[in-house]
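What follows is each chain in one-letter form.
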Amino acid sequence: MVAVHHLNNSRSQRVLWLLEELGLDYNVIRYQRDAETMLAPPSLRKVHPLGKSPVVVDGENTLAESGAILEYLVERYDTAHDFAPSPGTPERLRYRYWMHYAEGSAMPPLLMSLVFSRLKKAPMPFFVKPVAKGIADKVMKTFVGPQVKLHLDYMESELGKSRWFAGDGFSAADIQMSFPVEAAAVRHGLEDKPNLSGFLQRIHARPAYRRALEQGGPFDLLG
């Protein structure tokens with residue numbers, strides 16, 4: 001049985017979702033973030049040296065990194081070929097692109113946005129707070145904010161070409177892309193992004209998505 005070392009409010013929610021889509025039996029080992037720092041507990045380092053989640057153990061194989069885990073699960077267990085386009089097709093190229101874009105390009109500016117947002121609220125001497133807030137606001141206005149907008153506009157445009165990220169069929173690339181889209185929705189809003197909003201509505205309606213939430217617990221990316 002596949003074992004998932006699952007951290008609340010983390011990328012490992014995507015792994016649970018794919019396992020539900022595949023109909024596989026799996027075991028969830030749960031970890032809770034520190035309420036103040038939002039960091040993973042030290043006990044996760046016993047599973048992986050970086051102390052991060054997700055980590056999946058499948059027999060003799062131990063895997064980290066959500067994208068690598070999703071690709072592994074699809075290659076090993078998707079015998080009906082439901083969650084990846086056929087090799088050699090344009091859709092397969094798009095599938096591979098979005099599987100890597102999610103963490104390589106989309107998440108960095110979203111993570112920076114979260115970090116600078118927390119910086120403004122962090123406890124510090126009163127005489128330092130205006131300086132820290134000024135720096136954070138300047139970085140958000142001149143770099144992070146424009147980068148977030150650039151990527152959201154790009155994703156919105158690409159979803160205007162097809163119903164799902166890799167094409168007209170749902171795939172593991174949509175599961176991988178769900179995390180940055182969910183994060184963008186709660187931190188920046190998608191009121192002016194009908195394609196991305198529609199994407200969220202469609203994934204939230206999937207029974208496997210809802211079952212994964214039951215397994216993984218509340219999923220709140222407000223940070």
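What this report covers is the structure whose coordinates are included nearby. Every chain is numbered on its own, with residues counted from 1 as its sequence reads. Residue-level local features of this predicted model are given only where pLDDT is at least 70; pairs of side-chain atoms are given and counted only at 80 or more, and the full residue set underlies all totals for whole chains, interfaces and linings. Processing note: side-chain calculations cover all non-hydrogen atoms of the structure and skip hydrogens and water entirely.

## Focus: the overall build of the protein
Logical step 1: Each helix is a run of H or I in the DSSP string that is no shorter than four residues. Each strand is a run of E no shorter than two, and both are numbered from the N terminus. Assigned secondary structure in the protein consists of seven helices and four strands.
Logical step 2: For the protein, the α and β elements follow one another from N to C terminus as β-α-β-β-β-α-α-α-α-α-α.
Logical step 3: C-alpha atoms define the radius of gyration in this analysis, and the globule rule sets the expected value at 2.2 Å times the number of residues to the power 0.38. A globule of 223 residues ought to have a C-alpha radius of gyration of about 17 Å, and the protein, at 18 Å, matches this closely.
Logical step 4: Overall, the protein is about 60 × 45 × 25 Å in size when its C-alpha atoms are taken along their principal axes.
Logical step 5: Note on exposure labels: buried denotes an accessible area under 20% of the residue type's maximum, exposed denotes more than 50%, and partly exposed covers the range between, all computed with a 1.4 Å probe on protein chains only. The proportion of buried residues among the 223 residues of the protein is 44%.
Logical step 6: Contact criterion: two residues are considered in contact whenever any of their non-hydrogen atoms come within 4.5 Å of each other. The contacts in the protein between residues at least 6 apart in sequence include a share of 69% that link residues at least 24 apart.
Logical step 7: To measure how exposed things are, a 1.4 Å probe is used in the Shrake-Rupley method; for residues, cover is taken only from the protein chains shown. Element-wise, carbon and sulfur atoms account for 56% of the exposed surface of the protein, whose accessible area totals about 11,800 Å².
Logical step 8: For the purpose of counting charges, residues Lys and Arg are taken to be positive, whereas Asp and Glu are taken to be negative. His and the chain ends are not included. For the purpose of locating charges, the reference atoms are NZ of Lys, CZ of Arg, CG of Asp and CD of Glu. Positive and negative charge centroids in the protein, built from 27 and 25 side chains respectively, lie 8 Å apart.

## Some words on the nonpolar core
Logical step 1: We call a set of buried residues a nonpolar core when its members are Ala, Val, Leu, Ile, Met, Phe, Trp, Tyr or Cys and they connect through side-chain atoms within 4.5 Å of each other. Core analysis: the largest hydrophobic core is formed by 52 residues, its most contacted members being Met155, Phe165 and Val181.
Logical step 2: Dropping the residues within four chain positions of it, Val181 is found in contact with Met155, Phe165, Leu190, Leu196, Phe199 and Leu200.

## Observations concerning the packing of helix α1 (residues 12–22) against helix α2 (residues 66–77)
The packing of two helices is summarised by the inter-axis angle and the distance between the axes.
Logical step 1: For helices, the fitted line uses only the C-alpha atoms of the stretch in contact; every axis is such a line through C-alpha atoms, and the angle between N-to-C directions lies from 0 to 180 degrees. The contact between α1 and α2 brings their axes to 10 Å, and the two run at 10 degrees. In terms of orientation, α1 lies roughly parallel with respect to α2. Only Ser66, Ile69, Leu70, Leu73, Val74 and Tyr77 of α2 make contact with α1, whose side of the interface consists of Arg14, Val15, Leu18, Leu19 and Leu22.
Logical step 2: Polar here means any residue other than Ala, Val, Leu, Ile, Met, Phe, Trp, Tyr, Cys and Pro, which are nonpolar, and Asp, Glu, Lys and Arg, which are charged; Gly is therefore polar. Per-class residue counts for the contact of α1 with α2 are nine nonpolar, one polar and one charged. For this classification, under 35 degrees means roughly parallel, over 145 means roughly antiparallel, 65 to 115 means roughly perpendicular, and everything else is oblique.

## Observations concerning the pattern of salt bridges
Logical step 1: Between Lys or Arg on one side and Asp or Glu on the other, a salt bridge is scored when a side-chain nitrogen of the former is within 4 Å of a carboxyl oxygen of the latter. Applying the stated rule across the entire model yields 10 salt bridges.
Logical step 2: Glu103 serves as the salt-bridge partner of Arg14, at 2.8 Å between the closest nitrogen and oxygen. One end of the pair, Arg14, is in helix α1; the other, Glu103, is in helix α3 (residues 90–121), with 89 residues separating them in the sequence.
Logical step 3: Residue classification places Arg14 among the buried positions, given a relative accessible area of 2%.
Logical step 4: Across the pair Lys193 and Asp153 runs a salt bridge whose closest N-O atoms are separated by 3.2 Å. Placement of the pair is Lys193 in the loop between α5 (172–188) and α6 (194–204) and Asp153 in helix α4 (residues 129–159), with a sequence separation of 40 residues.
Logical step 5: Classification of Asp153 as partly exposed rests on a relative accessible area of 30%.
Logical step 6: Residues joined in a network through salt bridges with shared partners are Lys149, Asp153, Asp192 and Lys193.

## Section: unusual backbone geometry
Excluding glycine, residues mostly carry a negative phi; peptide bonds, for their part, are mostly trans.
Logical step 1: Ser53 connects to Pro54 through a cis peptide bond whose omega is 10 degrees.
Logical step 2: With respect to the helices and strands, the residue Pro54 is situated in the loop between β2 (26–31) and β3 (55–58).
Logical step 3: Even without being glycine, Glu65 reaches a positive phi, approximately 75 degrees.
Logical step 4: Note on placement: Glu65 falls in the loop between β4 (61–64) and α2.
Logical step 5: Owing to a relative accessible area of 56%, Glu65 belongs among the exposed residues under this scheme.
Logical step 6: One non-glycine residue, His81, lies in the positive phi region at around 55 degrees.

## Some thoughts on the pairing of β3
Logical step 1: A pair of strands is labelled paired if DSSP reports no fewer than 2 bridges between them. Note: strand β1 (residues 2–7) against β3, three bridges, orientation antiparallel. Within β3, the residue paired with Val4 across the bridge is Val56.
Logical step 2: Judged from the four bridges that link them, β3 and β4 form a sheet pairing that is antiparallel. In the strand pairing of β4, Asp58 is matched with Asn61.
Logical step 3: Linking β3 to β4, which pair antiparallel, is a turn of two residues; within it Gly59 sits at a positive phi near 65 degrees.

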